[in-house]
Amino acid sequence: MPRDPRYDVLFEPVKIGPKTAKNRFYQVPHCTGMGSGYPHTLAAMRGMKAAGGWAVVNTEYCSIHPSSDDTPFAHCRLWNDDDIRDLALMTDAVHADGALAGCELWHGGRVTMNRYSRQGLLAPRELASAFVEPVQARRMDKQDIRNLLHWQGEAAERAVIAGFDIVYVYAGHAYLPMQFLSRLTNDRTDEYGGSLQNRARLIREMIEETRAAVGDKAAVAVRLNVGELAGFTDLTAEREVREVVAMLAELPDLWDVQYGDYHIDARSSRFAREAAQEPYVAFVKSVTSKPVVGVGRFTSPDTMVSQVRRGILDFIGAARPSIADPFLPKKIEEGRPEDIRECIGCNVCIASDYYGVPLRCTQNPTMGEEWRRGWHPEIIAPKTSGDTVLIVGAGPAGLECARALGQRGYDVHLAEATKELGGRVTLESRLPGLGEWARVRDYRVGQLEKMANVTIYRDSRMGAAEVRESGFAHVVLATGSRWGRDGAGRSSFAPIPGADRPQVFTPDDVLAGRAIPGPVLVYDDDPYYMGGAVAEELRKRGQPVTLVTPAALVSEWTVGSQEQPYIQARLIEAGIDIVVSHRLATVGAGEAELVCAFTERPRTIAARSVVLVSLRMPNDALYHELTSDSAALAEGIKSVTRVGDCLVPGTIAAAVQDGHRYAREFDDPPPEEVPFRRERIMLTPL
Ligand SMILES: Cc1cc2nc3c(=O)[nH]c(=O)nc-3n(C[C@H](O)[C@H](O)[C@H](O)COP(=O)(O)O)c2cc1C
Ligand code: SF4
């Protein structure tokens, strides 16, 4: 299909200093959980973005010196010439498809820990580390500042040798240059403190140093945080930030502007919609003639065009949309925007990085698998047999399994017990703030509807007899899971006394719309979103709600997805009482007994209903029924396999991945011992 002419503007080339980007799609710097520790994995993943049509593909933050070491968070390094080779793998991969490669040179100042390098932190003045770490930063003297500029220049030279086309001065988020910019973290009385001009001096000198290092071999970009962030409340778009951009307007070749620190900038869809940063970055183009890139979880080509046409942005910056769909630009270019796998804004990607492993993505099961398993987000091996496959259950695992097997050309039959497709995502997307999660279903159903070789049966509950009689060669059980009803979970191996009372419910009851009389106690013994989301839903229904958790924070795992402070704030604002560090000991008549997680001191609270958010149990009865009697299996059935939550309950991302993996490995099993390649440290002979 030819491209829709409405989107032509997105494919115009744009000059960035001495380089030209072939279109307006710009993958802004984003971490990957890979960094310098996984050079092949990283290069293959970035190369995939270039193949998918992004005109510019950046690194993640790339440290310029051991005094800025973010271990254990994965990041790139250009500390000396030995680090060049790793990154050259990436630039080669990016250049192979005609994209420009950018390198985000980084110094964290107080926003790092130096756990690996063991060097002291540096900052404009004495400051505590931003992390829960017993270290603090010392006040930089003039020599420290000269050193910093020297490191920036040297790293820029190395970036050019590595093949980068764009080299960054990273004054984004809350890192060192921002610490100099803000009065709150800069009390200096020398030429780097006081007036705005003085506080912006470091950024100016970093730009000049970078320019001197790269000459006309690369463009110089500045990433600037134009927002108000915790602790930097003197720097708002309305106030000094506008002046900073105006002051430095023509110095870099490109402005990459974002709003706030990570948890603000990369807010999940529960807390921010597409293009949410527009009000804060809209001023930038009015004060510079240089191209401007901005972000906003852009997945709609119409929104993108609007950003360009209305003069808000020159480049459509994207981190998460490029993770969920590395081929987003190609799909618009080829006139098939309906094929875009839209980011759902769940922030599982950020959590992967935060928890120290290569990125995974709920929508894109091939993310992070490009090198180690050779998975391509758009290409999959064609079928190798005429075998038929029956998939039971059209939740995230079943839908993805059907989609990928269908793409391979197999004859696929997908049976869903209810009238609606999507399983848990359909139900959970009705919870407050989770509406965009339905995209997991919508993308897959949209693809399946185009496949003549996939048949979908709704309202078709399959029992063992139906499966046996159906005559399909392979049976995949994607029947999901249900929430446990006895309260056993992370904090209690045994059932909770009283959990068998009629006033005890689970999230399944809430999702089914059952009446749950208040006051309700939501017992959240699960670290992710469900406890908070269910509490919010019940509050929305008008019930008094108390959320009790053995953890110190509500929805504790969402610290990694950068959502935790927002979730807790939203619950507090909604009028939900929160009791942390307490376990549920017993459920009584109209009340529940809690115990302090530290002292075991008891406490009783009134509760007409209790919702237990604890373990999930696989819906695997059909599997056991089918496999327990091998003689009864129809002769033609070659395999019965569980996927997703039916095998082991987990995240939606894990379910999608498992369904996808089944389809990839169908007829083509991986090596048994380790099913993927690993990056190896090469030992030199002693
Ligand atoms: C997984 C992940 C890692 C990120 N790491 C970086 C980083 O290393 N450097 C940076 O400047 N921004 C980083 N960001 C912020 C993004 O560049 C971007 O500003 C933010 O995600 C908003 O853009 P989006 O809505 O297109 O995701 C990261 C974002 C994500 C999702
Ligand atoms: S993990 Fe979620 S937020 Fe991240 S890119 Fe994928 S869909 Fe988007």
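Here the structure is a predicted model, which means the values were calculated and not measured.

Participant: Sorry if this is basic, but what is going on with the sheet that holds strand S7 (residues 121-123) here?
Facilitator: Where strands meet in a sheet, backbone hydrogen bonds hold them as pairs that are either parallel or antiparallel. Within the open sheet, the 3 strands sit side by side as S7-S9-S8. Their pairing is mixed. In this open sheet, the two edge strands, each paired with only one partner strand, are S7 and strand S8 (127-128). Of the pairings in the sheet, the one linking S7 to strand S9 (residues 136-139) comprises 3 bridges and is parallel in character. By the bridge assignment for S9, Leu 121 is matched with Ala 137.

Participant: Where do I start with helix H22 (residues 621-628) in this structure?
Facilitator: An α-helical turn contains 3.6 residues, so any two residues separated by three or four positions project in the same direction. Taken together, the buried positions of H22 are occupied by Leu 622, Tyr 623 and Leu 626. All buried residues of H22 fall inside an arc of 100 degrees around its axis, so they share one side. Opposite the buried face of H22, at more than 90 degrees from it, the exposed residues are His 624 and Ser 628. Its buried side turned inward, H22 meets strand S15 (388-392), helix H18 (464-470), strand S18 (474-477) and strand S29 (639-642).

Participant: Just to check I follow, could you spell out the packing of helix H3 (residues 142-162) against helix H6 (residues 201-214) for this structure?
Facilitator: For any two helices packed against each other, the geometry comes down to the angle between their axes and how far apart the axes lie. The N-to-C vectors of H3 and H6 enclose an angle of 35 degrees; their axes lie 8 Å apart at closest approach. Of the two possible hands of crossing, H3 and H6 adopt the one that is right-handed. Counting all contacts with H3, which are made through Ile 145, Leu 149, Gln 152, Gly 153, Ala 156, Glu 157 and Val 160, the residues of H6 involved are Leu 202, Glu 205, Met 206, Glu 209, Thr 210, Ala 212, Ala 213 and Val 214. Partitioned by chemical class, the residues of the contact of H3 with H6 number 9 nonpolar, 3 polar and 3 charged.

Participant: Just checking my understanding: could you explain the site of ligand 1 for this structure?
Facilitator: Taken together, 22 residues form the shell around ligand 1, and within it Ala 266, Val 295, Arg 297, Ala 319 and Arg 320 come nearest. When residues of the shell around ligand 1 are traced back to their parent elements, those giving at least two are strand S4 (56-63), helix H12 (320-324) and helix H14 (348-354). Grouping the amino acids of the shell around ligand 1 by side-chain chemistry returns 11 nonpolar, 4 polar and 7 charged.

Participant: Could you clarify how one ought to interpret the site of ligand 2 in this entry?
Facilitator: Taken together, the neighbourhood of ligand 2 is formed by 13 residues, with Ile 323, Cys 343, Cys 346, Cys 349 and Cys 361 sitting nearest. Where the shell around ligand 2 is concerned, the elements lending two or more residues are H12 and H14. In terms of residue class, the shell around ligand 2 is built from 8 nonpolar, 4 polar and 1 charged.

Participant: Whenever I open this one, the packing of helix H15 (residues 396-408) against helix H23 (residues 652-665) confuses me. Can you help?
Facilitator: Contact pair H15 / H23: the axes reach a minimum separation of 7 Å and the direction vectors enclose 30 degrees. With respect to their mutual orientation, H15 and H23 come out roughly parallel. Pair H15 / H23 crosses with right-handed handedness. From H15, Pro 396, Ala 397, Gly 398, Glu 400, Cys 401, Ala 404, Leu 405 and Arg 408 reach across to H23, where they touch Ile 652, Ala 655, Val 656, Asp 658, Gly 659, His 660, Tyr 662, Ala 663 and Arg 664. Here the contact of H15 with H23 is composed, by residue class, of 10 nonpolar, 3 polar and 4 charged.

Participant: How should I be thinking about the sheet that holds strand S20 (residues 504-505) in this particular structure?
Facilitator: The 5 strands lie next to each other as S20-S27-S21-S22-S23, forming an open sheet whose pairing is parallel. Bordering the open sheet on either side are S20 and strand S23 (577-579), each of which pairs with just one other strand. In the sheet, strand S22 (residues 545-548) pairs with S23 via 3 bridges, with the strands oriented parallel. Bridge pairing in S23 links Val 548 to Val 579. Against the sheet, helix H20 (residues 530-540) engages strand S21 (520-524), S22 and strand S27 (609-613), with an angle of about 165 degrees to S21.

The rules behind these values
The numbers attached to residues start from 1 for each chain and follow its sequence in the written order. Chains carry letters from A onward and ligands carry numbers from 1 onward, assigned in written order. Totals for whole chains, interfaces and linings use all residues, but because this is a predicted model, local features are given only for residues with pLDDT of at least 70 and pairs of side-chain atoms are given and counted only at 80 or more. Here the rule is simple: two strands pair whenever DSSP picks up at least two bridges between them. Each helix corresponds to a stretch of at least 4 residues labelled H or I by DSSP, and each strand to a stretch of at least 2 residues labelled E; elements are numbered beginning at the N terminus. Here the C-beta atoms are placed from the backbone, and a residue counts as buried if at least 20 other C-beta atoms lie within 10 Å of its own, exposed if 12 or fewer do, and partly exposed otherwise. By definition, the arc is the one covered by directions from the helix axis to the C-beta atoms. By definition, residue pairs are in contact when their C-beta atoms, positioned from the backbone, come within 7 Å. Axes here mean lines fitted to C-alpha atoms, for a helix over just the part in contact, with angles spanning 0 to 180 degrees between N-to-C directions. Each helix crossing is assigned a hand: it is left-handed if the near helix lies turned anticlockwise from the far helix by less than a right angle, otherwise right-handed if that turn is clockwise. Note that Gly is not counted as nonpolar here; it falls among the polar residues with everything else outside the nonpolar set of Ala, Val, Leu, Ile, Met, Phe, Trp, Tyr, Cys and Pro and the charged set of Asp, Glu, Lys and Arg. Put plainly, near means the residue's C-beta atom, positioned from the backbone, lies within 6 Å of the molecule or strand in question. For classification, angles of less than 35 degrees are called roughly parallel, those exceeding 145 degrees roughly antiparallel, those between 65 and 115 degrees roughly perpendicular, and all remaining angles oblique.

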